[in-house]
Each structure stands twice: as C-alpha cells, then as structure tokens.
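# Summary of structural features
Single-letter residue listing:
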Amino acid sequence: MICIRGMLVIALALGTATQATANSRDQAQRLHNRLAGVPADAATLDSMAALIDGNQAAQAAEMAMDDPAFYNVTLKLFATPWTNEEQDVFAPLNDYTATVIGAIRDDVDFRRILSDDLLYVGNGSSGAPAPSASSNAHYQALEDNHANLKSVLVARSQVSTYGTPAEAVSGVLTTRAAARAFFYAGTNRAMIRFTLINHLCRDLEQVKDTTRPSDRIRQDVSRSPGGDSRIFRNSCIGCHSGMDPLAQAFAYYDWQGDQDGNGGRMVYNTGVDADTGTRVQGKYLINSTNFPAGYITLDNHWDNYWRTGPNANLGWDSSLPGSGDSAADLGRELSHSDAFASCQAQKVFRAVCLRKPADSADSNELTQMTSHFRNDNYRMKTLFADAAVYCMGD
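Notes on the structure in this doc start here.

### Let's talk about the overall build of the protein chain
Looking only at helices and strands, the protein chain has 16 helices and six strands in total. The dimensions of the protein chain, computed from C-alpha atoms along their principal axes, are 100 × 50 × 35 Å. In the protein chain, which comprises 394 residues, the share counted as buried stands at 51%. Pairs at least 24 apart in sequence give 68% of the contacts found in the protein chain among residues at least 6 apart. Approximately 16900 Å² of the protein chain is accessible, and the part contributed by carbon and sulfur atoms is 52%. Of the charged side chains in the protein chain, 34 are positive and 44 negative; the average position of the first set lies 3 Å away from that of the second.

### Some details on the packing of aromatic side chains
For the structure shown, the criterion picks out 13 aromatic pairs. Ring geometry for F182 against F194: centres 5.1 Å apart, planes inclined by 15 degrees, an arrangement best described as stacked. With F182 in helix 9 (residues 176-182) and F194 in helix 10 (residues 189-200), this residue pair connects regions lying twelve residues apart in the sequence. As far as burial versus exposure is concerned, F182 and F194 are alike and both buried. Plain terms: the ring middles of F373 and Y378 are 5.1 Å apart, the flat faces sit at 75 degrees to each other, and that makes the pair edge-to-face. Three or more aromatic residues joined by ring pairs form one cluster here, namely F70, Y71, F78, W82 and F384.

### Observations regarding the pattern of salt bridges
Taken as a whole and judged by the stated rule, the model has 20 salt bridges. Where D329 meets R332, a salt bridge forms, and the shortest distance between an N and an O atom there is 2.9 Å. A residue pair is termed a helical-turn pair when its members lie 3 or 4 positions apart in one helix, as D329 and R332 do in helix 13 (residues 327-335) at three residues. Taking the relative accessible area as the measure of exposure, R332 reaches 30% and is therefore partly exposed. Taken together, the shared-partner salt bridges connect E62, D107, R379 and K381 into one network.

### Structural notes on helix 4 (residues 68-79)
Between its terminal C-alpha atoms helix 4 stretches 16 Å, which fits the 16 Å expected from twelve residues at 1.5 Å a residue. Every buried residue belonging to helix 4 is among A69, F70, Y71, T74, L75, K76, F78 and A79, and all of these are buried. Of the residues flanking the start of helix 4, the one acting as N-cap is D67, its side-chain oxygen 2.8 Å from the backbone nitrogen of A69.

### Considerations on the nonpolar core
One broad rule of soluble globular proteins: the nonpolar side chains tend to lie buried together. Judged by nonpolar contacts, the single largest core of 104 residues is most densely connected at L35, F110, F250, M380 and F384. Residue contributions to this core peak at eight residues, all from helix 14 (residues 338-353). Those residues within four positions of F250 in sequence are excluded, and the remaining contacts are L173, F183, N188, M191, I192, Y284, A327 and L330. I217, F232, C236 and I237 belong to the second-largest nonpolar core, a separate cluster that totals five residues.

Reading the values: rules and limits
Residues numbered from 1 in each chain as written. Predicted model: local features only at pLDDT ≥ 70, side-chain atom pairs only at ≥ 80, totals over all residues. Heavy atoms only, no water. Helix = DSSP H or I, 4+ residues; strand = E, 2+ residues; numbered from the N terminus. Buried < 20%, exposed > 50% of the residue type's maximum accessible area, 1.4 Å probe, protein only. Contact = heavy atoms within 4.5 Å. Areas by Shrake-Rupley, 256 points an atom, 1.4 Å probe, with all protein chains shown as cover. Lys, Arg positive; Asp, Glu negative; His and termini not counted. Charge placed at Lys NZ, Arg CZ, Asp CG, Glu CD. Phe/Tyr/Trp six-rings, centres within 6.5 Å; stacked < 30°, edge-to-face > 60°. Salt bridge = Lys/Arg side-chain N within 4 Å of Asp/Glu carboxyl O. Expected span 1.5 Å × (residues − 1). Polar contact = N/O pair within 3.5 Å; in protein donor to acceptor, adjacent residues only side chain to side chain. Core = buried A, V, L, I, M, F, W, Y, C linked by side-chain atoms within 4.5 Å.

Fair warning: the whole summary comes from geometry, so function is off the table for now.
Spelled out as structure tokens, the structure:
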C-alpha cells in the first residue's frame, strides 16, 4: 500500500511538472508569435521556456526580438501607418519606417525620432541603389529583395545623405516619406495633425480648446463660415487656435513635384521666397481674403498655446520653453510630453496584445509600461517585452 501511494505521489508530481513545462512552452510560443510573427524553432522555444520557468519572461521576450522577422514584419507593420495620411499598413518600405526600425533596433532614446538628424539606410551589401531625396527606389529595392533589415540598416545623416540643411532636420518629420505625405499641397497643418495622431495618440477633436486666443489663426480661416460667426467661435477656433501657432514651425517647408512614389522631394527655403518676400512658403498665405485681418506668417517661430488650459494635461516638460524657431524645437516639445510616452505604450499594447486596453488591469499595465519605458531611457524594445509578457497568458 505504501509503495502504491508513493508511486501515486511520484506520478502526480511528474504530471504537474509536465503540465508546467507545457504551459511555459505555450507561453514561449505565444511570446514569439506575438513579437516576431513567426513560430520559434525548437531550440529557441526550449530556451525561452526555460527562462519563463525561471521567472525571466522579459528575457524570453528579448530573445524573441532577436528574430529578423521582428524587424521585417512586426516593426514594419507597426510604423508604416504613420507615414501616410491613409494610415495604410501595406505601404512600401520608406525612409520614415526604416528610421523607426533602425532606432528601435539600436535602442535609441525614442524621443529623438522627432528632432534629431536620424536616417537609416541599407548598407553597401544590400544591393539597393543609393538613397536619394527624390526617390524611394533605395527602400523599395530593400523590400523587393527581402533584405534582412536587422542586419542591413545603418545609421546615417539626413544632412549628408539628402543634403538637407542642418537647421531643417527634425527626425522622421523631415524624411522624404513624411514630407511627401504631409507637406504636399495643403497648408502644412497636416504635419501637425498626423504627428499628434501618430505620436501623442490624439486627433484634433481630442485637443480641441475654444478658450485659447485666436491671434495666430491665419487669414485663410473664415471667421464667419457660411455667414455665421458662432461656428468659428464654437468650433473652428478650438483646433486652429492651438494648431496654427504650432504649424508655423514648418513655414519654410514644402513638397516639390507630384505625390507619386518615384518623383518629388522636400524643399526648405533658406532664402527669400519670390511669392512671399520672406522665407515663408506661399502656401501659408493662400486664401488671404477669407479674413484679411487674420494672422500673417512672417517666419517659423512657433508657440505652444496648449501648455495652458485643458491640454496642459498632456504633460508638457516644464524645463522646455514652450516655443522655438525650428521644427526640431517643436519635435522636442512634443516628444518630451507625458502624452508621447503613454502613446508609445498604447500603440505597442495594441500591436502585441492584438486588442485595445479593456479594463482596469489593462490600464494599470499601461501605466507601468509607460513608467518602465521612461525609466529605461525611452527604449522601445522594453515596451514590446512588457506587453508581450503581460499578454502571453497564464
């Protein structure tokens, strides 16, 4: 009887151990699938499962991110919608997406992507034509040749690669893809709107504030749409009073040429524009008869009117002045906000967990992820690891 009982105890113990191993392997597989988008090989799965069993799930997630598919698939799908107004996840690889991928691979402080002279290109072994300010052929070739982005991407400079004036560089905002999408035609307000959407997780309706002064709203905005001034006071002013002073940072930028994928390039006025008599692009002065008494843009000095009022809750950095004279200054203003940090956590959570946060537990996790991200020098892979571990299942 004692022997039978002993055998039962041993069997139960073995069964429990087998179940634990199965669970850790399931978790490891789920981690790898969520992060790399492809199954792990047996050796990798064994190593990841052992780490999970040893309460080192974050290290298992880091191992999954060593897979080239994390860069070619997961990060490309993650960043590509930021590069076009349609937010098309299947748009071709471009310099904006490649720069985000390279910055994440190299653990660059992610705030720098909105202000620094960053550009990632394929190295000489990639077989792609030279990168060009007037063509996407370099990045299209990387994609067509199924280049291993983890291996071939190298950090370069927009100044040396594209000939962009140093004063004009502002991270991904001045890549060719961003300029093609957001400086084309229009009034350059699109660059503000989509930067808010992509990097602060706020569209204009969510930052609408009718209490801000209207002194910097341009002439092209009618103060009596349809003959009714109440529409301006209760609607238009809510977005334009904050957006227009910020969009002034891009007053010297334009897109030259059509918007197809092969021609055209960003231009930046370093001298007087023939149409305006200043360095300001003519698009900033169009439709001036809509309201002649409106603001006339004379330079690229911007101010953040949203530092006060309801949008103070975006968490602006008190060590920054809240104004500046370049797009890079504006990029720092936006990327040093609390909203920027929490937005990255939200985007990664959705990308890895394949759903939006749904309850208080998810909200608490987002808070912890954001804090970890900031404390780890704004390292994006830390966010991916945290989200993957949270959603790998019990």
